[in-house]
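Listed below are the residues making up each chain.
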Amino acid sequence: MSAIIELTGVGRTFASDPPVPALADVDLLVHAGDYLSIVGPSGSGKSTLLNVLGLLDLPDSGSYELEGVETIGLGDGERTAIRGARIGFVFQSFHLLPHRDVTENVMLGDLYTGGRRSDRRDRARAALDRVGLSHRTGFRPTHLSGGERQRVAIARALLGDPALLLCDEPTGNLDSTNTAAILELFDDLRRAGTTLVVITHDDTVSRRAARRVRIADGRLSER
Amino acid sequence: MRSRLDPRDLAGEVLAGIAVRPARTVLTVLGTVLGIGALVTTLGVATTAGNQIAGRFDAATATEVTVDIPEPIAPGSPPVVAWESLDDLARLNGVEAAAAYVTTQPGKEPDVRANTVRDPGRVLDRVLPVVGATADLPAAARTTVAAGRFFDTGHITRRDRVAVLGAQAAEQLGLTRIDNQPAVFVDGTPFTVVGVLAAVGRPDQQALAGSVIVPWTAGADALHLGPARTVVVTTALGAAALIAEQAPVALSPNDPAALTVNAPPDPAALRTGVADDISGLLLILGLVSLVVGGLGIANVTLVTVMERTAEIGLRRALGARRRHIAAQFLLESAVIGLLGGVIGASLGVVAVVLVSVGRGWTPVLSLAPVLAAPVAGAVVGLVAGLYPALRSARLQPVEALRGPG
Ligand SMILES: Nc1ncnc2c1ncn2[C@@H]1O[C@H](COP(=O)(O)OP(=O)(O)OP(=O)(O)O)[C@@H](O)[C@H]1O
Ligand SMILES: [Mg+2]
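Residues numbered from 1 in each chain as written. Chains lettered and ligands numbered in written order. Predicted model: local features only at pLDDT ≥ 70, side-chain atom pairs only at ≥ 80, totals over all residues. Heavy atoms only, no water.

Asker: Hey, could you run me through the nonpolar core in this one?
Answerer: General note: in soluble globular proteins, nonpolar side chains tend to be found buried as a group. Among the nonpolar cores identified, the biggest contains 64 residues, and Leu89(B), Leu137(B), Val184(B), Ile213(B) and Val231(B) are the most heavily contacted of them. The biggest single contributor to this core is strand β2 (residues 95-103) of chain B, with seven residues. Counting 56 residues, the second largest nonpolar core, distinct from the first, contains Ile5(A), Phe91(A), Leu164(A) and Leu10(B). (Core = buried A, V, L, I, M, F, W, Y, C linked by side-chain atoms within 4.5 Å. Buried < 20%, exposed > 50% of the residue type's maximum accessible area, 1.4 Å probe, protein only. Helix = DSSP H or I, 4+ residues; strand = E, 2+ residues; numbered from the N terminus.)

See the structure below:
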């Protein structure tokens, strides 16, 4: 199986006063089709790790190969291009545009990565169908439940057909019923071959993943 | 591998960004609307007013010069302007017709009666001004004879007692026809009526309509009318100012300053003068409101960028480059400026038309400012959006994603 993520000796220290070593000497290997969860207490460095994995943030040390391409040393434009084309994000706070309807929100998914314009709406509908929201296509996000909103965000992430789906506390704002629906969806995605990295501090969420990694004080430990 | 954004998609995002906040967009547009509207109105009203004034001082008016001659210092002294010097004026380049005349002093008008009135009970002596004139008076005063003819230089040299009546004077004297050789008695002296004038064209020579006009020689003989007191000149188009300058010297080489010249104001100078007056203040006002409008756009766009920090973070996560973010906000403010320009120009045109209608003017609008207005609005928006757009592009994705929204 080919490696999607290969972190070697990654460190990230925030230059605040005092400096915060949010990640220290992190090694991580994730293969295509893996379903990995990262758990850890608040402030342990989970979001920092996800930002590094998502090319939103640069580590201070170490190496990060994404699909065999060394990303450290790439320019902002190249990292942006890889981020847009190869990585899908799902955030705790959904990050939907409140004034655009559900379909338009999903259509943003490959706006910047050269997705075909002509069938973008159809592909957005298909993605919404995949997350079970084909009956909500014309809704405003504000009229949806939390779980439905998160499914819109997942549909948006899926539109660009990413190699990697990064989820930061995807169920952090959801009740148990909605959480269960999202986890069902993750299982479906996993079966369809999507590579999933889910950050959570919720054990019910992390237990669904085939592989669990724990982070504490910026250090990873497999278990 | 590069991120890219189809221009049509960019346009869609820009329009969506503007359309979702209609109230804010309206308020943001307002400053530019006022600025552009004020500018278009100013220029339009200035052009219209300038055109109006130029129209009032039309080609005819701009060719009319009058010279007033003072009384001789003492009754015996030589006249300030001799009748003969009128020829020197008439020879000047640009003079089309020139005539000199003298009118009986107000309050000393003679009794005039016509001989044709048969009913003695109705006969009343009329008190009418008598004018002693040179032969070119009709051409110089822009009138013609309605009946008969005007006296000529022959009448003048022969000192013939002939008379031409102004239209009103003829009516007052009950003279309806002249083919029967009527005569008028001026202070008892008979003058043969050879003609009756039509309406007088020059506004400043309307008094002729109510006068009895005789050759200046006969006037001097019978009524002691004295030397010329008024010279009327019509000039070729555009020559009025020049003739006004040269006339006193031609008429009174010894003392040109004694004469008073009335010439029309130079229409070109008048037009620009009026335009300057109106434009000056209003243009500054318009520019100020345009700057204020630009600052308004800048301010609102900056607030929008702050508010949409999370959206910017999301777009960056979805693969938007800095330039895509900058372009979106830059275009949003440019479109708002453009909107302001279009609306402002339209309101400006309406205002110019309303002002013109209110004053009974013909609205005149040059196309250039109306077409330039939307461009100016867009440029204002573009400049205003520059700083907010740069701010938006400089946001780090991680920081932005944490932001509000
Ligand atoms: N920009 C920053 N500057 C300084 N310190 C930072 C910055 N970002 C994060 N940190 C610090 O780094 C550490 C790790 O933060 P991180 O957000 O990764 O935690 P987390 O595991 O995601 O926590 P949570 O579960 O609360 O989201 C924290 O101590 C945090 O205060
Ligand atoms: Mg976190």
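This is not the end of the story, as more comes after the structure.
Asker: Even after reading the chapter, I still don't get the environment of Gly109(A), so can you show me in this structure?
Answerer: Checked against the element boundaries, Gly109(A) lands in the loop between α3 (102-107) and α4 (120-130). Taking the C-alpha atoms as reference, Gly109(A) lies 7.5 Å from Leu158(A); in sequence the two are 49 residues apart. Discounting residues that sit within four places of it in the chain, Gly109(A) has contacts with Arg156(A), Leu159(A) and Leu318(B). (Contact = heavy atoms within 4.5 Å.)

Asker: Is there a simple way to think about the confidence of the model for chain B in this case?
Answerer: Any region with low pLDDT has predicted coordinates that should not be read closely. The predicted model of chain B averages 86 in pLDDT, with 91% of residues at 70 or higher. Taken over the whole predicted complex, pTM reads 0.69, whereas the ipTM for its chain interfaces reads 0.95. (pLDDT = per-residue confidence, 0-100.)

Asker: Help me understand the site of ligand 1 in this model?
Answerer: In the neighbourhood of ligand 1, 14 residues make up the surrounding shell, with Ser42(A), Gly43(A), Lys46(A), Ser47(A) and Thr48(A) lying closest. Looking at what sits near ligand 1, you find residues from chains A and B. Within the side chain of Ser42(A), one N or O atom sits 2.5 Å away from an oxygen atom of ligand 1. Burial of ligand 1 by the protein chains amounts to 66% of its free accessible area of 630 Å². Those elements that provide at least two residues to the shell around ligand 1 are β2 (20-31) and α1 (46-53) of chain A. The element that contributes the greatest number of residues to the shell around ligand 1 is α1(A), accounting for three residues. Of the residues belonging to the shell around ligand 1, the class tally is four nonpolar, seven polar and three charged. (Near = heavy atom within 4 Å. Polar contact = N/O pair within 3.5 Å; in protein donor to acceptor, adjacent residues only side chain to side chain. Areas by Shrake-Rupley, 256 points an atom, 1.4 Å probe, with all protein chains shown as cover. Nonpolar A, V, L, I, M, F, W, Y, C, P; charged D, E, K, R; others polar.)

Asker: How do you make sense of the interface of chain B and chain A when you look at a structure like this?
Answerer: Often, the extent of an interface is quoted as the loss of accessible area upon association of its parts. Between chain B and chain A, the contact holds 28 residues from the first and 26 residues from the second. Here chain B is connected to chain A by five salt bridges. Among the ionic pairs, Arg322(B) bridges to Asp76(A), the shortest N-O distance being 3.4 Å. In this assembly, chain B and chain A are joined by nine residue pairs in polar contact (both at pLDDT 80 or more). If you list the elements that add at least two residues to the side of chain B that touches chain A, you get α1 (7-19), α10 (309-317), α11 (322-359) and α13 (397-402) of chain B. It is α10(B) that contributes the most residues to the side of chain B that touches chain A, six residues altogether. (Salt bridge = Lys/Arg side-chain N within 4 Å of Asp/Glu carboxyl O.)

Asker: Sorry if this is basic, but what is going on with helix α6 (residues 176-191) of chain A here?
Answerer: Along an α-helix, a turn takes 3.6 residues, which lines up residues three or four apart on a common side. All names here are of chain A. The end-to-end C-alpha distance of α6 is 22 Å, a good match for the 22 Å that 16 residues give at a rise of 1.5 Å each. Turning to α6, its buried residues number three or more, namely Asn178, Thr179, Ile182, Leu183, Leu185, Phe186, Asp187 and Leu189. Summarising the contacts, the buried residues of α6 are in contact with β3 (35-39), α4, α5 (146-159), β7 (164-168), β8 (195-200) and α7 (203-207). Backbone geometry just after α6 places Gly193 at a positive phi near 100 degrees. (Expected span 1.5 Å × (residues − 1).)

Asker: Any chance you could explain the sheet that holds strand β9 (residues 211-216) of chain A here in plain terms?
Answerer: The strands that make up a sheet pair up through hydrogen bonds in the backbone, lying either parallel or antiparallel. Residue and element names in this part refer to chain A. Taken in spatial order, the six strands make up an open sheet running β6-β7-β8-β3-β9-β10, and their pairing is mixed. Every interior strand has two partners, whereas the edge strands, β6 (87-91) and β10 (219-222), have only one. Looking at each pair of strands side by side, their axes are set apart by 20 degrees on average, direction ignored. Inspection of the sheet shows β6 paired to β7 by five bridges, in the parallel sense. When the bridges of β7 are listed, Val90 appears paired with Cys167. Against the sheet, α5 engages β6 and β7, with an angle of about 170 degrees to β6. (Pairing = 2+ DSSP bridges. Axes fitted to C-alpha atoms, helices over the stretch in contact; angles between N-to-C directions.)

Asker: So what exactly am I meant to see when it comes to the pairing of strand β9 (residues 189-197) of chain B here?
Answerer: The side chains of a regular strand alternate, residue by residue, between the two faces of the sheet. All names here are of chain B. Burial analysis of β9 places seven of its nine residues in the buried class, the great majority of the element. Here strand β6 (residues 145-148) pairs with β9 via three bridges, running antiparallel. Across the sheet, residue Gly148 finds its bridge partner in β9, namely Gly195. Judged from the four bridges that link them, strand β8 (residues 183-186) and β9 form a sheet pairing that is antiparallel. What sits directly across from Val186, in β9, is Thr189. Adjacent in sequence and paired antiparallel, β8 and β9 are bridged by two residues, among which Asp187 carries a positive phi angle near 50 degrees.

Asker: Help me understand the pairing of strand β7 (residues 162-165) of chain B, please; the structure alone is not making it clear to me.
Answerer: All names here are of chain B. Of the two faces of β7, the one lined by Val162 and Val164 and the one lined by Ala163 and Leu165 are each fully buried. Of the strand pairs in this sheet, β7 and strand β10 (residues 212-215) are connected by two bridges, and their pairing is antiparallel. The residue of β10 that forms the bridge with Val164 is Ile213.

Asker: Explanation requested: the sheet that holds strand β5 (residues 69-70) of chain A in the structure shown.
Answerer: Residues and elements named next belong to chain A. Pairing is antiparallel across the open sheet formed by four strands, whose spatial order is β2-β1-β4-β5. Since the sheet does not close on itself, it has two edges, and those belong to β2 and β5, each with one partner. Note that strand β4 (residues 61-66) and β5 share two bridges and pair antiparallel. When the sheet's bridge partners are listed, Glu65 is paired in β5 with Glu70.

Asker: Explain a nonpolar patch on the surface here, please?
Answerer: Residue and element names in this part refer to chain B. A contiguous nonpolar surface patch, about 370 Å² in accessible area, is contributed by Leu338, Leu339, Val342, Ile343 and Leu347. Checked against the element boundaries, Leu347 lands in helix α11. Using a relative accessible area of 48% as the deciding quantity, one classes Leu347 as partly exposed. (Patch = residues over 30% accessible without salt bridge, like charges linked within 9 Å, V, L, I, M, F, W, Y side chains within 5 Å.)

Asker: In this structure, what is going on with the packing of α10(B) against α11(B)? I would like to understand it.
Answerer: The geometry of a pair of packed helices is captured by two quantities: the angle between their axes and the separation between those axes. All names here are of chain B. Axis separation between α10 and α11 bottoms out at 10 Å; the angle between their running directions is 140 degrees. Between α10 and α11, the angle falls in the class oblique. At the point where α10 passes α11, the crossing takes the right-handed sense. In contact with Glu311, Ile312, Arg315 and Arg316 of α10, α11 contributes Arg322, Ile325, Gln328 and Phe329. Across the contact of α10 with α11, the residue classes tally to three nonpolar, one polar and four charged. (Parallel < 35°, antiparallel > 145°, perpendicular 65-115°, else oblique. Left-handed = near helix turned anticlockwise from the far one by under 90°.)

Asker: I would appreciate a short explanation of unusual backbone geometry in the present structure.
Answerer: For residues besides glycine, phi is generally negative; the peptide bonds are generally trans as well. For the bond running from Asp17(A) to Pro18(A), omega is 5 degrees, close enough to zero to count as cis. Residue position: Pro18(A) is located in the loop between β1 (3-14) and β2. Of note, Glu169(A) is a non-glycine position whose phi angle comes to about 50 degrees, a positive value. Its place among the elements puts Glu169(A) in the loop between β7 and α6. Looking at Glu169(A), the relative accessible area reads 9%, which means it is buried. For Arg142(B), which is not glycine, the phi dihedral falls at a positive 55 degrees. With respect to the helices, strands and loops of the structure, Arg142(B) is situated in the loop between α4 (137-140) and β6. Look at Arg142(B) and you get partly exposed, because its relative accessible area is 31%.

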